[in-house]
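Structure at a glance
The residues making up each chain are set out below.
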Amino acid sequence: MFKRRFFLGTAGALGAAASVSKVALAALPEPVLQSKPDTMPPLEPPNGRPYRPVLTLNGWTLPWRMNNGVKEFHLVAEPVVREMAPGFKAHLWGYNGQSPGPTLEVVEGDRVRIFVTNKLGELTSVHWHGQRLPNGMDGVTGLTQPGIPPGKTFVYEFVARRPGTFMYHPHADEMVQMAMGMMGFWVTHPKGRHPLIDEVDRDICFLLNAYDIDPGAATPKIMTMTDFNLWSWNSRIFPGIDPLVVGFKDKVRIRIGNLTMTNHPIHLHGHEFQVTGTDGGPTPKSTRRYDITEDIPVGAMRQLEFLADEEGDWAFHCHKSHHTMNAMGHNVPTLIGVDHSGVASKIRKLIPDYMVMGERGMKDMTEMDMPLPDNTAPMMAGEGPFGAVGMGGMFSVVKVRKGQKRGDYTDPGWFQHPPGTVAYEFKGPLAEPVHGRAQSVGAGSMPRAQSPKTEVEVTVRKPGAGAHSNH
Ligand SMILES: [Cu+2]
């Protein structure tokens, strides 16, 4: 009797131990990590309400676990090494192995439980930017919750009440944690047909972010307010940003969130889009107009939608020209039109790596074999089918292709232009310039009160026809 009890007891204890560990495992979904900066295919929902998933540019969607009808995710805030472009790795902070963190995808009405484990050396929290939720789930350290201490895990739980495009980021030491790359995307799909949300063939999302990393260094300078030198999409810089691959005649939605400290006029070539959604949700149809550039304010999301009905490789970029360049010194005089032939070779005898910048413009730099410090992105790069593209930062290509199968985002290569449809060189004789329009109708809006004794001419350095023509 005693013996039997003893054995039962042991078996019971073992069983209990086993079930305890199972419960412990069940309580916390195992964190899924990502080690690559590649664009991962959309995550088809294995359970729950169906939807057509998004593609995260140079990113991925976090798998979840269903637990009694609740979608459970596990985010791990931690230091990460992010390859921002081939040959250039940055030491950032992020979630689950990458910066930005994984995209969270749910359906309107889903009950969501997110475990957040803090593997940083300081407090953090996660704010679910744009969500309707109980105040205590809003993730503002000190205001709606204590910060998550290092090594601890907090649980957020709420119902995804409205469909749309959202973001998440810390609300704890934001200046440091966001400058270090802590942010992620969130998409809530509508639970059925929605009058303002169209079904699309391609749904692509990414965040705008910015870093200040000295050439040769790997860790962002966190005190920077305005003078960032790396303008990135999902912590990638051109030419490291993947193309946006779509099929001919596809309806395409691009969702963009801005977590930098300045606005970005995002510009698409060859098509007109409509803004179908903002932070506040889907835009009323009466407000929609066609456009080709949309300024994305700080802390805001925009959904751009267009019909991809022009084949080709279409540039897609921020229209601030300094945002399509990578790290560079800003205190560089404009030397356009200045002849410095022979100067560089003299200086190079003293400073072996010296080169003169930008005699004919800056693009020459792309094609020069300039030695770079280790772990530095070239200021301008990219090798296109017609030569150097000379870009950096927030630049990519929308590739519109016939025969690109639904769900296939693999790079189809360069566009094969039909004969006679590429700009070409004119080889005839050049005509002499004529000053054709002699009579003007404008003379300023008012006479000026005082004039200088002699006329002043601002000296503009223009490139001459020949290298020595302006001396
Ligand atoms: Cu920009």
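Shown above is the structure to which this text applies.
Residues numbered from 1 in each chain as written. Predicted model: local features only at pLDDT ≥ 70, side-chain atom pairs only at ≥ 80, totals over all residues.

**Examining unusual backbone geometry**
- With an omega of 0°, the peptide bond between Ser99 and Pro100 qualifies as cis.
- Along the chain, the position of Pro100 falls in the loop between strand S4 (88-95) and strand S5 (104-107).
- A cis amide bond links Phe238 to the next residue, Pro239, at an omega of 5°.
- Inspection of the secondary structure assignment puts Pro239 in the loop between strand S12 (230-233) and strand S13 (244-247).
- Of note, the phi angle at Asn58 is positive, near 45°, even though the residue is not glycine. (Helix = DSSP H or I, 4+ residues; strand = E, 2+ residues; numbered from the N terminus.)

**Side note on the nonpolar core**
- By size, the foremost hydrophobic cluster in this structure holds 84 residues, and its most contacted members are Leu75, Met167, Trp186, Leu230 and Val398.
- Viewed by domain, this core spans two of them, domain 1 (22-195) and domain 2 (230-401), each represented by three or more residues. (Core = buried A, V, L, I, M, F, W, Y, C linked by C-beta atoms within 7 Å. Buried ≥ 20, exposed ≤ 12 C-beta atoms within 10 Å, placed from the backbone. Domains from an automatic or database assignment.)

**Observations regarding the environment of Ile296**
- Along the chain, Ile296 turns up in strand S18 (residues 293-296).
- On the neighbour-count criterion, Ile296 (21 C-beta atoms within 10 Å) is buried.
- Taking C-alpha positions, Ile296 is 7.7 Å from Gly257, a pair spaced 39 residues apart along the chain.
- Sequence-distant contacts of Ile296, defined by excluding residues within four places in its chain, comprise Leu208, Ile256, Asn258, Asn263, His264, Ile266 and Arg302. (Contact = placed C-beta atoms within 7 Å.)

**Quick word on the sheet that holds S18**
- Read across the sheet, five strands follow the order S13-S23-S20-S15-S18 without closing on themselves; strand pairing throughout is mixed. Of all the strands in the sheet, just S13 and S18 have a single pairing partner and so form its edges. Taken over all neighbouring pairs, the strand axes of this sheet differ in orientation by 20° on average, direction set aside.
- Of the strand pairs in this sheet, S13 and strand S23 (residues 395-401) are connected by four bridges, and their pairing is parallel. Along S23, the bridge assignment pairs Leu244 with Val398. (Pairing = 2+ DSSP bridges. Axes fitted to C-alpha atoms, helices over the stretch in contact; angles between N-to-C directions.)

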